[in-house]
Amino acid sequence: MSQIDKKIAARIRTARQDSELDADWVAERLGMPKDVYQALEAGELFVRAIILARLSTILNRKVSWFYADCPGQDVFSKTRA
């Protein structure tokens, strides 16, 4: 996994913990087995865009929040022409 993937995984874990949500509960909302979700939070699995979008809703964070401190995050602040 790349360093960006690991940072995103860490942000997912942080958001869940800050929201005081149980990992099993989040896994259930995502429709995935808890061991898969735990691997996702551990940075062992690539986080697909649809999963990140669902997590954004569940954890009440903007998708861009998960990319904080990652290279290339400035694309989130650009406007479309």
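That block above? That's the structure.
The sections below set out a description of the structure shown in this document. As the structure is a computational prediction, the values presented were derived from the model and not from experiment.

### Regarding the environment of Thr-14
Next up, step 1: Within the secondary structure, Thr-14 sits in helix H1 (residues 3-18).
Next up, step 2: A C-alpha to C-alpha distance of 9.3 Å links Thr-14 and Glu-41, two positions 27 residues apart in sequence.

### A word on the pattern of salt bridges
Next up, step 1: All told, the structure shown has 3 salt bridges when counted by the stated rule.
Next up, step 2: Among the ionic pairs, Glu-41 bridges to Arg-16, the shortest N-O distance being 2.5 Å. Of this pair, Glu-41 sits in helix H3 (residues 34-41) while Arg-16 is found in helix H1, placing the two residues 25 residues apart along the sequence. Neither residue differs from the other here; Glu-41 and Arg-16 are each classed as buried.

### So, the packing of aromatic side chains
Next up, step 1: Tallied over the entire structure, the rule returns 1 aromatic pair.
Next up, step 2: The ring of Trp-65 has Arg-11 sitting right over it, with the charged end atom 3.7 Å from the ring centre.
Next up, step 3: A cation sits over an aromatic face here: Arg-61 above Trp-65, 4.3 Å from the ring centre.

### So, the environment of Ala-53
Next up, step 1: With respect to the secondary-structure elements, Ala-53 resides in helix H4 (residues 49-58).
Next up, step 2: Separated by 10 residues in the primary sequence, Ala-53 and Val-63 have C-alpha atoms spaced 6.5 Å apart.

### Here's the deal with helix H2 (residues 23-30)
Next up, step 1: Where H2 is concerned, the buried positions are Ala-23, Val-26, Ala-27 and Leu-30. Buried residues of H2 fall within an arc of 100 degrees about the axis and therefore sit on the same side.
Next up, step 2: Summarising the contacts, the buried residues of H2 are in contact with H1, H3 and H4.
Next up, step 3: Its side-chain oxygen 3.0 Å from the backbone nitrogen of Asp-24, Asp-22 forms the N-cap of H2.

### Considerations on the side chain of Ser-56
Next up, step 1: In this fold, Ser-56 is placed in helix H4.
Next up, step 2: By relative accessible area, which is 13% here, Ser-56 ends up buried.
Next up, step 3: Among residues more than four places away in sequence, those in contact with Ser-56 are Arg-61, Lys-62, Val-63 and Phe-66.

### Brief notes about the packing of H2 against H4
Next up, step 1: Two numbers describe how H2 lies on H4: the axes approach to 10 Å, and their chain directions differ by 125 degrees. With respect to H4, the axis of H2 lies oblique. Seen from above, H2 lies across H4 with right-handed handedness. Contacts from Trp-25, Val-26, Arg-29 and Leu-30 of H2 reach H4 at Ile-51, Arg-54, Leu-55 and Ile-58.

Rules behind the numbers
- Residues numbered from 1 in each chain as written.
- Predicted model: local features only at pLDDT ≥ 70, side-chain atom pairs only at ≥ 80, totals over all residues.
- Heavy atoms only, no water.
- Helix = DSSP H or I, 4+ residues; strand = E, 2+ residues; numbered from the N terminus.
- Salt bridge = Lys/Arg side-chain N within 4 Å of Asp/Glu carboxyl O.
- Buried < 20%, exposed > 50% of the residue type's maximum accessible area, 1.4 Å probe, protein only.
- Phe/Tyr/Trp six-rings, centres within 6.5 Å; stacked < 30°, edge-to-face > 60°.
- Lys NZ or Arg CZ within 6 Å of the ring centre and 35° of its normal.
- Arc of directions from axis to C-beta.
- Contact = heavy atoms within 4.5 Å.
- Polar contact = N/O pair within 3.5 Å; in protein donor to acceptor, adjacent residues only side chain to side chain.
- Axes fitted to C-alpha atoms, helices over the stretch in contact; angles between N-to-C directions.
- Parallel < 35°, antiparallel > 145°, perpendicular 65-115°, else oblique.
- Left-handed = near helix turned anticlockwise from the far one by under 90°.

From the geometry alone we can't say anything about function, so treat these as descriptive.
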